[in-house]
Amino acid sequence: MTVSRHIQPIAVAIAMLAAMASGSRAADRPPNVVLIVSDDQGYNDLGLTNPEVITPALDRIAREGVRLTSFYVAWPACTPSRGALLTGRYPQRNGIYDMIRNEAPDYGHKYSAAEYEVTFERIGGMDTREVLLPAVLKTAGYQSALYGKWDLGTLKRFLPLQKGFDDFYGFVNTGIDYFTHERYGVPSMYAGNEPTTKDQGTYCTDLFRDRGVEFIRQNRDRPFFLYLPFNAPHSASNLDPVIRSSAQGPDEFKKKFPHLKDDTQPGKSRGKEAIVATPSKRKLEYLSALASMDAAIGRVLETLDELKLADNTLVLFFSDNGGSGQASNGQLRGHKSQMFEGGIRVLALARYPGVIKPGTSSDEFLTSLEVFPTVTRLCGAPNPAGVTLDGFDMLPVLRGSAPSPRTEMFWQRRDHSAARIGEWKWIRLGEREMLFNLARDLEEKNDLLKAEPEKAAELRAKFADWKKTMDAAEPRGPFRDF
Ligand SMILES: [Ca+2]
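Throughout this document, residue positions are counted from 1 along each chain, in the order its sequence is written. Thresholds applied to this predicted model are a pLDDT of at least 70 for local features of residues and 80 or more for the giving and counting of side-chain atom pairs; totals over whole chains, interfaces and linings are not thresholded and use all residues.

Visitor: How do you make sense of the overall build of the chain when you look at a structure like this?
Guide: In terms of regular secondary structure, the chain is built from 15 helices and 20 strands. For 482 residues, the compact-globule formula gives about 23 Å, and the C-alpha radius of gyration of the chain, at 22 Å, lands near that figure. By its C-alpha atoms, the chain is 65 × 60 × 50 Å across when sized along the principal axes. Working definition of a contact: two residues with C-beta atoms, positioned from the backbone, lying within 7 Å. Restricting to contacts in the chain with at least 6 residues of sequence separation, those with at least 24 account for 67%. Going along the chain from the N terminus, every DSSP run of H or I of four or more residues is numbered as a helix, and every run of E of two or more is numbered as a strand. Our radius of gyration is a C-alpha quantity, and the globule rule it is checked against amounts to 2.2 Å times the number of residues to the power 0.38.

Structure (structure tokens):
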């Protein structure tokens, strides 16, 4: 971490000089931040690297910025990944180290409204003592908004407006049907602190896009933080066997994939005979949901251009975890929910004209824990006093002017654990351990546990130390017993 401390002031000075040289930009006002997160997108699902997907807007961000090829999230699925992002703290430190969701829909159960009110999905939430990024940015005069997936608690005390966001429109739990905005029959869309069904029937990506664009317009003359966590291209949370187990794309985007069929077939759903989507339809839904999200991102970029804000705006994009199902993680092993690279190393891009060199690629070791301190530093907001952050300002790394100070990262999901130390990766799944060298074996094919017992012992011990540190941290709800 010492590297970044010395380099940061120099980087800021260079950024300011560059801004002065290029005209009015940063001299006028602090930079804006647009943070876009997709849901379950594959590591390889970028048009530039995968001809099967259509993502001109993401390709544009990559062409005008940097593609981060060793960027990790803190957990291999939705809720803890988002909690870590917004607090800058490991899931085990901020308390959200598992999903806030009801399991009964997995067995075909549909909750009545009264029954749902007292389930964990409804009452669970992030510990209210946790400080989120928008609350810190508010101290520096920023307006913040969230349009999309919240996923950190549905009761009023947990909702975004109580956590520093000035505006919120989106769904509060971990997944919905793209058109009904229900999670397995439960209405999930909120406007501010109030549930709303007013927009039912409208494709949700369009709703998040329109509000994001409007927020930029409204705040064109003052600094803002826009957080756009799309639910696309996550599968739809609907008990209908035809809809379930794939995303939902709009018809206008399905037309872009004429080689795929939008059809159904007899099959099984939850062990019972049912009419289900064909593999071709599931692929079509995924690709069209992704293309639609990309078009929405394109509109956001165009709005920044139109209002001449692009040069003064950091745009960050990544997926909240690895892909599964119809997604492609390329050469990475495994998928969402797993400790292999395919679960935790994600597609990530950053654009900041005049600061980040266009069309670059960086294989530096970075994580979503870096986002919080990067944004607070950039926006001139002091980090919260007395709060341990687990990342650092990564802007010097994004600029290519410094190596990443990150040398280690740890993950835990129930009895699955992992550590990356330098180029080494250790995984423990229950009783089974594995060791890989990512520099020589990115695909995690060659288990070196027996060949390199000392290295394995070193990583195992590092993980135990990290676990000890997490256990010693001030406890946070809702899962931990204290
Ligand atoms: Ca996800």
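Now that the structure is up, let's keep going.
Visitor: What am I meant to see in unusual backbone geometry here?
Guide: Along the chain, A232 connects to P233 via a cis peptide bond; the corresponding omega equals -5°. At the junction of G477 and P478, the peptide bond is cis and its omega measures out at 5° in the coordinates. For P478, the location among the structural elements is in the segment after helix 15 (453-472). Phi at S337 takes a positive value of approximately 85°, unusual for a residue other than glycine. Within the fold, S337 resides in the loop between strand 13 (313-319) and helix 12 (341-344).

Visitor: Is there a simple way to explain the pairing of strand 10 (residues 224-229) in this structure?
Guide: Side-chain positions along a regular strand alternate between the two faces of the sheet. Burial is judged by counting other C-beta atoms within 10 Å of a residue's own C-beta: 20 or more means buried, 12 or fewer means exposed, and anything between counts as partly exposed, with every C-beta placed from the backbone. Most of strand 10 is tucked away, with six of its six residues classed as buried. The side-chain alternation of strand 10 yields two buried faces, one formed by F224, L226 and L228 and the other by F225, Y227 and P229. Pairing between two strands requires that DSSP report at least two bridges joining them. Looking at chain direction, strand 1 (residues 32-38) and strand 10 are connected through five bridges and run parallel. When the sheet's bridge partners are listed, I36 is paired in strand 10 with L228. Here strand 4 (residues 143-149) pairs with strand 10 via four bridges, running parallel. Across the sheet, the residue bridging to Q143 is F224, located in strand 10.

Visitor: It is not clear to me how the packing of helix 3 (residues 56-64) against helix 11 (residues 279-306) should be interpreted in this structure. Could you clarify?
Guide: If you want to describe how two helices pack, look at the angle between their axes and the distance between the axes. Close contact between helix 3 and helix 11 brings their axes to 7 Å; oriented N to C, the two are set at 50°. On the basis of the axis angle, helix 3 is oblique to helix 11. Facing P56, A57, L58 and R60 of helix 3, the residues of helix 11 in contact are D294, A295, I297, G298 and L301. Of the residues contributing to the contact of helix 3 with helix 11, the split by class is six nonpolar, one polar and two charged. Throughout, an axis means a line fitted to C-alpha atoms (over the contacting stretch in the case of helices), and angles, computed between N-to-C directions, take values from 0 to 180 degrees. Angle categories: roughly parallel below 35 degrees, roughly antiparallel above 145, roughly perpendicular from 65 to 115, and oblique for all the rest. Side-chain classes are defined by residue name, with Ala, Val, Leu, Ile, Met, Phe, Trp, Tyr, Cys and Pro counting as nonpolar, Asp, Glu, Lys and Arg as charged, and the others, Gly among them, as polar.

Visitor: So what exactly am I meant to see when it comes to helix 9 (residues 204-218) here?
Guide: In an α-helix, one turn spans 3.6 residues, which is why side chains three or four residues apart end up on the same side. Take the number of residues in a helix, subtract one, and multiply by 1.5 Å to get its expected span. Look at helix 9: 21 Å from first C-alpha to last across 15 residues, which is about the 21 Å you get at 1.5 Å a residue. Along helix 9, the residues that are buried comprise C204, T205, L207, F208, R209, R211, G212, F215 and I216. Contacts from the buried residues of helix 9 go to strand 4, strand 5 (167-171), strand 10 and helix 11.

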